[in-house]
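Survey of secondary and tertiary structure
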Amino acid sequence: MIILLIPDIHLKHKRAQRIIDAAGADINLFLGDIFDDFGDDVRQNVEAAIWFKEKLNDKRNIIIQSNHNFGHQYPKNPYGPCSGWTKEKSDAINKILTKEDWQKTRWHYVAQGYLFTHAGLLSKFLNPKIKTLEDIDKFLTEQGKEADICAATGQSFWFYRAGFCRGGGYAASGGILWCDFNKEWSPIAGIKQIFGHTEIRTPEISKNGDIAIDCRMNYYLTLKDGVPTIHNYADL
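The following refers to the structure shown. (Residues numbered from 1 in each chain as written. Predicted model: local features only at pLDDT ≥ 70, side-chain atom pairs only at ≥ 80, totals over all residues. Heavy atoms only, no water.)

Quick notes on the overall build of the protein
How we decide: Only DSSP runs of H or I covering at least 4 residues are called helices, and only runs of E covering at least 2 are called strands; the numbering of each starts at the N terminus. Here the globule rule reads 2.2 Å times residues to the power 0.38, and the radius of gyration is calculated from C-alpha atoms. Think of it in three bands: residues with accessible area under 20% of the maximum for their type are buried, residues over 50% are exposed, and the middle band is partly exposed, with areas taken using a 1.4 Å probe on protein chains only. Residue exposure ignores everything except the shown protein chains as possible cover, and the areas themselves are Shrake-Rupley values with a 1.4 Å probe.
From N to C terminus, the protein includes 6 helices and 10 strands. Taking 18 Å as the expected radius of gyration for a compact globule of 236 residues, we find that the protein reaches 17 Å, a close match to that expectation. The dimensions of the protein, computed from C-alpha atoms along their principal axes, are 45 × 45 × 30 Å. Counting across all 236 residues of the protein, residues that qualify as buried make up 53%. About 11,000 Å² of surface is accessible on the protein, with carbon and sulfur atoms providing 51% of the total.

Spelled out as structure tokens, the structure:
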């Protein structure tokens, strides 16, 4: 089975679609952040929402929750809206995406020996007894149920809290929607992760085997039998 990983899109959905068409993968895994970009407008976000709705309703696609998507899904949660968010954009997006559409996103995904989240997971959030990828999968699944309730009721939860370096006022480090790769993230021994969120020029691979790949859609990744291959969009 081949998994195609699409990093943070930020309105570059036409580029994402070209990658999807070229890859012909069994599963298309999106790291989120479909919306918002520098100098964008409502029309661009509406076009992205129409495209995104189609992806949400295709069973070949897995969409990971992210900070920018979260802000539009939960605009009334005080921990939701982030940079680039406006009420006009959010209202327009939510005229297209229903509650049922949004509920098709996931907080995390595990496949082929990797943990996929939007921003990466820090060990500080784990009980010391949690050692394996299977343990982490179970832990995040259970935590995700609580996160769903907190998000919908306007409460805080560590998944979507930003750390101090990203402007968060209540957490020293960001959760899986906000962890900063350059200033906060560190590997978890024996656990391989793939994530985006922090913009970098080219993908970075840790000695642990982790991959950070938010490069403004200039790179994407395929995974087959647990072996990742990084591709340059310019080669399409």
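Some thoughts on the packing of aromatic side chains
Selection rule: Working definition: a ring pair exists when centres of Phe, Tyr or Trp rings (six-membered ring for Trp) sit within 6.5 Å. Plane angles under 30 degrees give stacked, over 60 give edge-to-face, the rest tilted.
In total, this model carries 20 aromatic pairs according to the counting rule given. For the pair Phe 30 and Trp 51, a centre-to-centre distance of 6.0 Å together with 75 degrees between the ring planes defines the contact as edge-to-face. Within this pair, whereas Phe 30 is found in strand β2 (residues 27-30), its partner Trp 51 is found in helix α2 (residues 42-56), the two being separated by 21 residues in sequence. On the basis of relative accessibility, which here comes to 2%, the residue Phe 30 falls in the buried class.

As for unusual backbone geometry
Positive phi, normally seen in glycine, also occurs at His 10, with a value near 45 degrees. Position of His 10 among the secondary structure elements: in the loop between β1 (2-6) and α1 (13-23).

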